[in-house]
Amino acid sequence: MADRREVANDEMPDTASKWLLALAERPDDGALRAAFEHWHGASADNARDWLEMNRTATLLATSVPPREPGWAEFLRQRRAAEARRQRRRRTIGGGLAALATAACLLLFFQGSTLLLRFEADHVTASAEQRRLDLADGTHVVLAPQSAIVAEYSTGERRVKLLKGAAFFEVANEPRPFAVEARGVVARDVGTAFEVRLGADAVEVAVRDGIVDVMAPNITRAERLLAGQWAQVRHTGAVGRGQAPRDLVAAWTAGQLVVKNQPVSEVIDALRPYFDGVVVLHGRKLAAEPLTGIYNLADPVGALRAVARAQGASLHQISPWLIVVTGD
């Protein structure tokens, strides 16, 4: 039986996003639903805001998510379950089902992070940056949502980057030191360098010294000097470039520095610093180039700055859910 209790005025949601959350949390509360209908019909602005919020929330069910194992099957099952629920409950609209999907998505990602902890030696959570020393004295800074495992032997020091990004200041000793990420190997020649796992590429950037970058489909090693970077795509294509040395791994100092990068890549770089889900919608917006410096200590402010620079819209539906929309 539906809950018919009265809703106190001081508890009443006053924005479309708050109504979306309240209705998702208490879908069978008759008094709340009646109050919503009153708010919705009170003004054209309220009705327009609700329509836009429903449209935005619905994007959550159709936007391409971060690449995580099992995502396609997980989302298929969630959509099927929410479709069944929608057929039973048509009065509020599609936004609630999308919001429920997003909530389950957050739990799914947290579960996959838990699995990663069993495989890795060191793991960081959202917005967590960790400094650590490996057995040989090599200093490592792990970016948020990152994981590594150290595989040292008598003949070689090797670290596998399983997720995210890491900056290495390599201890000087006779054994060679290498970082492997998705088949790409960065071999140290006495240096400090960054390795980053992107959605479809591995990036290596050198602050000091020399690094040789190798991959199965690269015939000869790419040698990088201080201030140089290389990007190895999953296709085997290699891109190279140069940047000021002090901007290599600028995230270790709390800054994200981007120059002429697609919005999609910038948002990918900001996601680990936000403790929740960030959805980007709009193919044209995703490809737009962006240049700027963003404060990683304030990821929401950084995301707002990205949206503002592109004339896009940002909706913070809850403390753990942000949607950036554009053309």
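In what follows, the structure referred to is the one given above.
Below: a short report on this structure. This structure is a prediction, so every number in the text was calculated from the model and none was measured. (Residues numbered from 1 in each chain as written. Predicted model: local features only at pLDDT ≥ 70, side-chain atom pairs only at ≥ 80, totals over all residues. Heavy atoms only, no water.)

Counting its secondary structure elements, the protein chain contains eight helices and 19 strands. A sequence separation of at least 24 residues applies to 50% of the contacts in the protein chain between residues at least 6 apart. For the protein chain, the computed accessible surface area is about 16,600 Å², with 52% contributed by carbon and sulfur atoms. (Helix = DSSP H or I, 4+ residues; strand = E, 2+ residues; numbered from the N terminus. Contact = heavy atoms within 4.5 Å. Areas by Shrake-Rupley, 256 points an atom, 1.4 Å probe, with all protein chains shown as cover.)

Okay, the pattern of salt bridges next. Oppositely charged side chains can form a pair if their charged atoms are brought close together. Under the definition given, this model contains 14 salt bridges. Between R175 and E173 there is a salt bridge; the shortest N-O distance is 2.5 Å. With a relative accessible area of 26%, E173 lands in the partly exposed category. Taken together, the shared-partner salt bridges connect D136, R157, E173 and R175 into one network. (Salt bridge = Lys/Arg side-chain N within 4 Å of Asp/Glu carboxyl O. Buried < 20%, exposed > 50% of the residue type's maximum accessible area, 1.4 Å probe, protein only.)

Turning our eyes to something else, we now look at the environment of R233. Relative to the helices and strands, R233 is located in strand 13 (residues 228-233). For R233, a relative accessible area of 30% gives the class partly exposed.

Here we take up the environment of A286. Mapped onto the fold, A286 is located in helix 7 (residues 283-287). Judged by its relative accessible area of 17%, A286 is buried. Spatially, the C-alpha atom of A286 lies 10.0 Å from that of Q310, the residues being 24 residues apart in sequence. Look past the residues within four positions of A286 in its chain and what remains in contact with it is P262, V263, S264 and L280.

So, about the sheet that holds strand 8 (residues 184-188). Across the sheet, which stays open at both edges, the seven strands sit in the order 1-4-5-7-8-11-12 with mixed pairing between neighbours. Only two strands of the sheet have a single partner each, and these edge strands are strand 1 (122-123) and strand 12 (222-225). In this sheet, strand 5 (residues 157-163) lies alongside strand 4 (residues 147-152) in antiparallel orientation, the contact comprising six bridges. When the bridges of strand 5 are listed, I148 appears paired with L161. (Pairing = 2+ DSSP bridges.)

A separate point is unusual backbone geometry. Across residues other than glycine, the phi torsion is negative in most instances, and most of the peptide bonds are trans. For A127, which is not glycine, the phi dihedral falls at a positive 65°. Residue position: A127 is located in the loop between strand 1 and strand 2 (130-133). By relative accessible area, which is 51% here, A127 ends up exposed. Phi angles above zero are rare outside glycine, and N260 is one such case at about 55°. Considering the arrangement of structural elements, one finds N260 in strand 15 (residues 255-262). Residue class for N260 comes out exposed when judged on its relative accessible area of 56%.

Time to look at the pairing of strand 11 (residues 210-214). The pairing of strand 8 with strand 11 spans four bridges and is antiparallel. Directly across from R187, in strand 11, lies its bridge partner D212. Bridge count between strand 11 and strand 12: four bridges; the pairing is antiparallel. When the bridges of strand 12 are listed, I210 appears paired with L225.

Take the nonpolar core next. Membership of the largest hydrophobic core comes to 34 residues, with the highest contact counts inside it found for W251 and V324. Contributions of two or more residues to this core are made by strand 6 (165-169), strand 15, helix 6 (263-270), strand 16 (277-281), helix 7, strand 17 (289-295), helix 8 (299-310) and strand 19 (321-325). Residues within four places of W251 in sequence aside, it is in contact with Q129, V141, L142, A143, A165, A166, F167, E194, R196, Y273 and L296. (Core = buried A, V, L, I, M, F, W, Y, C linked by side-chain atoms within 4.5 Å.)

All right, on to helix 2 (residues 30-42) then. Between its terminal C-alpha atoms helix 2 stretches 18 Å, which fits the 18 Å expected from 13 residues at 1.5 Å a residue. All of the buried residues in helix 2 are G30, A31, L32, A35, F36 and W39. (Expected span 1.5 Å × (residues − 1).)

On to the sheet that holds strand 14 (residues 238-242). Strand-to-strand pairing in sheets goes through backbone hydrogen bonds, with the strands running parallel or antiparallel. Pairing within the open sheet is antiparallel, and its seven strands lie in the order 2-3-6-9-10-13-14. A single partner strand is all that each edge strand has here, and the edge strands are strand 2 and strand 14. Strand-to-strand twist across the sheet, computed as the mean angle between neighbouring axes with direction ignored, equals 15°. Pairing of strand 6 with strand 9 (residues 192-197), which is carried by five bridges, proceeds in the antiparallel orientation. Counterpart to A166 in the pairing with strand 9 is V195. (Axes fitted to C-alpha atoms, helices over the stretch in contact; angles between N-to-C directions.)

Summarising the element assignment, T191 is placed in the loop between strand 8 and strand 9. Every residue in contact with T191, bar those within four places of it in the chain, is listed here: F168, E169, V170, V206, D208, G209, I210 and V211.

Topologically, D327 is positioned in the segment after strand 19. Judged by its relative accessible area of 70%, D327 falls in the exposed class. As for D327 and G282, which are separated by 45 residues in sequence, their C-alpha atoms are 4.9 Å apart. In contact with D327, other than residues within four places in its own chain, are G282, R283, K284 and L285.

Such coordinate-based values are descriptive only and should not be taken to indicate function.
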